[in-house]
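Summary of the model geometry
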Amino acid sequence: MNPNSAIDMLLNVDALLLVDTNTEFTKSFAECHFSEAHQRPSNLIVAGDNTRILVKMMFQELIKDYCYCDISNEISVSELASYLHEHHNVSAVLINAHDYTLADDEQKFIFNSLHPVRYLVEENELGEFYFERLLDVGHDNHLSCSSKVAEVTNDISESLCKMDSEEQF
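Describing the overall build of the protein
Tallying secondary structure elements over the protein gives seven helices and six strands in all. Secondary structure of the protein in N-to-C order comes out as α-β-α-β-α-β-α-β-α-α-β-β-α. Within the span of the protein, comprising 169 residues, buried residues form 41% of the whole. Excluding contacts between residues fewer than 6 apart, the proportion of contacts in the protein whose partners are at least 24 apart in sequence is 60%. Working note: accessible area of the protein is about 9,400 Å², and carbon and sulfur atoms make up 49% of it.

Focus on the nonpolar core
Core analysis: the largest hydrophobic core is formed by 25 residues, its most contacted members being L17, I71, L80, I95, F111 and L114. When contributions to this core are tallied by element, the ones reaching two or more residues are β1 (16-20), β2 (44-48), α4 (74-87), β4 (92-96), α5 (97-102) and α6 (105-113). It is α4 that contributes the most residues to this core, four residues altogether.

Quick word on the pattern of salt bridges
Per the stated rule, a full pass over the model turns up one salt bridge. Put simply, K27 and E31 hold a salt bridge, and the shortest N to O gap is 2.8 Å. Taken together, the residues K27 and E31, both in helix α2 (residues 23-34) and four residues apart, mark about one turn of the helix. For K27, a relative accessible area of 28% puts it in the partly exposed group. Using a relative accessible area of 37% as the deciding quantity, one classes E31 as partly exposed.

Remarks on the sheet that holds β2
If you walk across this open sheet you meet the six strands as β3-β2-β1-β4-β5-β6, and the pairing is mixed. Looking at strand neighbours, the two that pair on one side only are β3 (65-68) and β6 (129-133), the edges of this open sheet. For this sheet, the mean angle separating the axes of adjacent strands, direction not counted, is 25°. Across five bridges, the pairing between β1 and β2 is parallel. When the bridges of β2 are listed, D20 appears paired with G48.

Digging into unusual backbone geometry
In this structure, E61 takes a positive phi of about 60° despite not being glycine. With respect to the helices, strands and loops of the structure, E61 is situated in the loop between α3 (51-59) and β3. Accessibility expressed as a relative area gives 62% for E61, which makes it exposed.

Digging into the side chain of H115
Looking at where H115 falls in the secondary structure, it is placed in the loop between α6 and β5 (118-123). Look at H115 and you get buried, because its relative accessible area is 6%. At 2.9 Å, the side chain of H115 and the backbone oxygen of V90 are in polar contact. Aside from chain neighbours lying at most four places away, what touches H115 is V90, S91, A92, V93, C145 and S146.

Looking at the confidence of the model for the protein
Parts of the prediction with low pLDDT should not have their coordinates interpreted in detail. This prediction gives the protein a mean pLDDT of 79; 75% of its residues lie at or above 70. Here helix α7 (residues 156-168) stands out as the least confident element of the protein, with mean pLDDT 41; α5 is the most confident, with 95. The model gives residues 149-169 a pLDDT under 50, and that stretch makes 13 contacts with residues more than four places away or in other chains.

Quick notes on the rules
Residues numbered from 1 in each chain as written. Predicted model: local features only at pLDDT ≥ 70, side-chain atom pairs only at ≥ 80, totals over all residues. Heavy atoms only, no water. Helix = DSSP H or I, 4+ residues; strand = E, 2+ residues; numbered from the N terminus. Buried < 20%, exposed > 50% of the residue type's maximum accessible area, 1.4 Å probe, protein only. Contact = heavy atoms within 4.5 Å. Areas by Shrake-Rupley, 256 points an atom, 1.4 Å probe, with all protein chains shown as cover. Core = buried A, V, L, I, M, F, W, Y, C linked by side-chain atoms within 4.5 Å. Salt bridge = Lys/Arg side-chain N within 4 Å of Asp/Glu carboxyl O. Pairing = 2+ DSSP bridges. Axes fitted to C-alpha atoms, helices over the stretch in contact; angles between N-to-C directions. Polar contact = N/O pair within 3.5 Å; in protein donor to acceptor, adjacent residues only side chain to side chain. pLDDT = per-residue confidence, 0-100.

Next comes the structure, spelled out in structure tokens:
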């Protein structure tokens, strides 16, 4: 993994989505990069199922926003994608490298569907974070928080017609 070179660029984007599969990792990452000592507002949005901890982190201003998501459930991830598309402009997704490595094919498909720009994040024994751009093929589908699929309105036929006409031009 590359040292913190990617984080300086990532900290200046509109919003980052961190997949929270390990709350201790998420809290450590947020405290390291978005604490008061760094004098920068958090642009971190966290998706996970431990909302009690995520709400607390939001009130501590360690994260910008949170959304409940069972990352192993496609319906939950699809709802996350719709919420993010409507309320945030996500520039990249951060995934715990350990979780990605251990994920089965189905879970990797979900991770790779979240956004075309994905980084694996790893924390060493000293509490330093390292980033590596994930080069696995991404998927643009109902799980993506940056796709036209996420733009679906209540009128599904209207949305599909709109998507079809945009693809022709």
